[in-house]
Amino acid sequence: MKTHFLRITVCLLLQAAVWLPTFSQTQHLLPADQEIPLEYGAERLGKRTDAAMQKFRDNRLGAFIHWGLYAIPGGEWKGKVYPGAAEWLKSWAEVPANEWMELMKQWNPQNFDAKAWARMARKMGVKYVKITTKHHEGFCLWPSQYSEYTVAQTPYKKDILGELVKAYNDEGIDVHFYFSVMDWSHPDYRYDIRSEEDEAAFRRFLEFTDNQLKELASRYPTVKDFWFDGTWDASIKKNGWWTAHVEKMLKEMLPGVTVNSRLRADDYGKRHFDSNGHLMGDYESGYERRLPDPVKDLKVTRWDWEACMTVPENQWGYHKDWSLSYVKTPLEVLERIVHAVSMGGNMVVNFGPQPDGDFRREEKELAAFIGRWMDKYGECIYGCDYAGWEKQDWGYYTRKGDDVYMVVFNPPYSGRLVVKTPPETVLQEAVLTNGGGKVKVTETARHEYNVDMPARNPGEPFVIKLKVGKTTGGTDKYREALT
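This one's a predicted model, so the numbers in the text were calculated from it and none came from an experiment.

A.B. asks: Looking at this model, I keep getting lost on the overall build of the protein. Mind explaining?
C.D. replies: On a plain count of helices and strands, the protein comes out with 11 helices and 18 strands. Here the protein has a C-alpha radius of gyration of 25 Å; the compact-globule value for 483 residues is 23 Å, and the two agree. Its C-alpha atoms give the protein principal-axis dimensions of roughly 80 × 65 × 40 Å. The burial tally for the protein puts 54% of its 483 residues in the buried class. Per element, the accessible surface of the protein, about 22100 Å² overall, is 50% carbon and sulfur.

A.B. asks: I would appreciate a short explanation of the pattern of salt bridges in the present structure.
C.D. replies: Oppositely charged side chains can form a pair if their charged atoms are brought close together. Per the counting criterion, the structure on display carries 39 salt bridges. Notably, a salt bridge pairs D282 with R48, separated by 3.1 Å at the nearest N-O pair. Taken together, the residues D282 in the loop between β7 (258–259) and β8 (284–288) and R48 in the loop between α1 (2–16) and α2 (51–59) connect sequence positions 234 residues apart. For the pair shown, D282 and R48 are each scored as buried. K251 is the partner of D282 in a salt bridge, and the nearest nitrogen-oxygen pair spans 2.9 Å. One end of the pair, D282, is in the loop between β7 and β8; the other, K251, is in helix α9 (residues 240–253), and 31 residues separate them in sequence. Of the two residues, D282 and K251, neither departs from the other in class, the shared state being buried. By sharing partners, the salt bridges in this structure join E43, R44, R48, D50, E247, K251, R264 and D282 into a single network.

A.B. asks: How do you make sense of helix α6 (residues 160–170) when you look at a structure like this?
C.D. replies: A turn of α-helix holds 3.6 residues, and therefore any two residues three or four places apart point the same way. Among the residues making up α6, those that are buried are I160, L161, L164, V165, A167 and Y168. Where α6 is buried, its residues contact β1 (61–65), α5 (114–124), β4 (128–134), β5 (174–180) and α7 (196–219). Among the residues of α6, the N-terminal cap falls to D159, whose side-chain oxygen and the backbone nitrogen of L161 are separated by 3.2 Å. Downstream of α6 by a residue or two, G172 has a phi angle that is positive, lying close to 80 degrees.

A.B. asks: Would you mind going over the side chain of S235 with me for this structure?
C.D. replies: If you trace the backbone, S235 turns up in helix α8 (residues 234–237). Excluding residues that lie within four positions of it along the chain, S235 makes contacts with Y189, R190, Y191, D192, I193 and F202.

Reading the values: the criteria
- Think of each chain on its own: its residues are numbered from 1, step by step along the sequence as written.
- A pLDDT threshold of at least 70 governs which residues receive local features in this predicted model, and a stricter bar of 80 or more applies before side-chain atom pairs are shown or counted, although totals over entire chains, interfaces and linings include all residues.
- In computing side-chain values, all of the structure's heavy atoms are included and hydrogens and water are not.
- Secondary structure elements follow DSSP: runs of H or I no shorter than four residues count as helices, runs of E no shorter than two count as strands, and numbering proceeds from the N terminus.
- For the radius of gyration, the atoms used are the C-alpha atoms, and the globule rule reads 2.2 Å times the number of residues raised to 0.38.
- For every residue, the accessible area (1.4 Å probe, protein chains only) is compared with the maximum for its type, and the residue is labelled buried under 20%, exposed over 50%, or partly exposed between those bounds.
- Surface accessibility in these figures is a Shrake-Rupley result with a 1.4 Å probe; residues are shielded only by whichever protein chains are displayed.
- For this document, the term salt bridge refers to a Lys or Arg side-chain nitrogen within 4 Å of an Asp or Glu carboxyl oxygen.
- Contact criterion: two residues are considered in contact whenever any of their non-hydrogen atoms come within 4.5 Å of each other.
- N or O atoms closer than or at 3.5 Å make up a polar contact, with two conditions inside protein: a donor-capable atom paired with an acceptor-capable one, and, for residues adjacent in sequence, both atoms drawn from side chains.

Shown next as structure tokens:
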């Protein structure tokens, strides 16, 4: 009876909290002695500290590949163009699964070159790539023995996923697998469980999904991460035990593998964060097409997190018409990358290959732009973290050990970059990276400095490395104002 009452109380509390902004729940952690007993909640408190997780963290910059049958119609169905996300076209246009899967007969990407994809990623400076092994439509980029909807049943026939894993690994790039649990092609998938028939069907579906995940893990053992999607339906939330089981299963099969928070639901259907406010999975993957506020949301530094972003605002998969939504400039994409790292997160930039297997011109230009900048200034990104210094309008701070980097996007007219250091921290020297020399540092107040702009404006976001020390405890030459 007590357990039943507790479950009802918790459910009511969780329903009452749904209006709260995402991620604010962690500000209301229960005292340890008041936490709710959970069988399927967070498996740890705090960040993972093993070498595999540190590698994930140090990589910082990744790329996303959204490629599937949806690339063929490219947002258009029977003469009508849909402005929504191209990978959701089956849903927007209400296309029956059997009709949608007829697109497999056209899947023959003659310009696909896995090695060229991998070279582009390396030159861009990305350290890992997430690949859509199977999106919501159910089409698999590998020859799964558990589905008829795979590349093996297309004119192309070859294992695209296998080609990509090898090509990226050969270039020194880690491979992560995107996997959609929701599967529009499978007759046993249910959005909710409302009957014994639904329960039996969904049990079969979960077994099918287990088999596909085991197949991926055993067939491609160099995979470093599983990034789950399509886990928001009531059917998944009512089977939190399964999400915990999948995480455990993958980690037993692939020691060191990471799993995103989007997979998980706890005993009460709470996702990402369990009912006690603790992160489930290894990193938070709730930041999609947005970023945390650099001043207000400092709580994200308590755990690992990853943001992912599109270039056209609405599109992950290939869409013929990018003019239907705002398209970010390469400079805007770069700033989002730096923004994420400055708050201790990773950034993954999305690409939606064309049906012929090539990338559109704008994506190639974007990759080249980011790559040129990373080649000059990447030391302020790779292996860097949140610096803990007060945000300034000129740009962002990142930190690697004792080195603090200023990444300047908005040079002030004054020619002076204001730096406010934490207590007991002294700014000793400022040096331009990318072969530049020292720039002048002037102390202006207690823990406040002006750092000069370089003599010649670089004409692009630039980086200054700061050498800092600790105060020696001598006489403070500044006095507080008497008011």
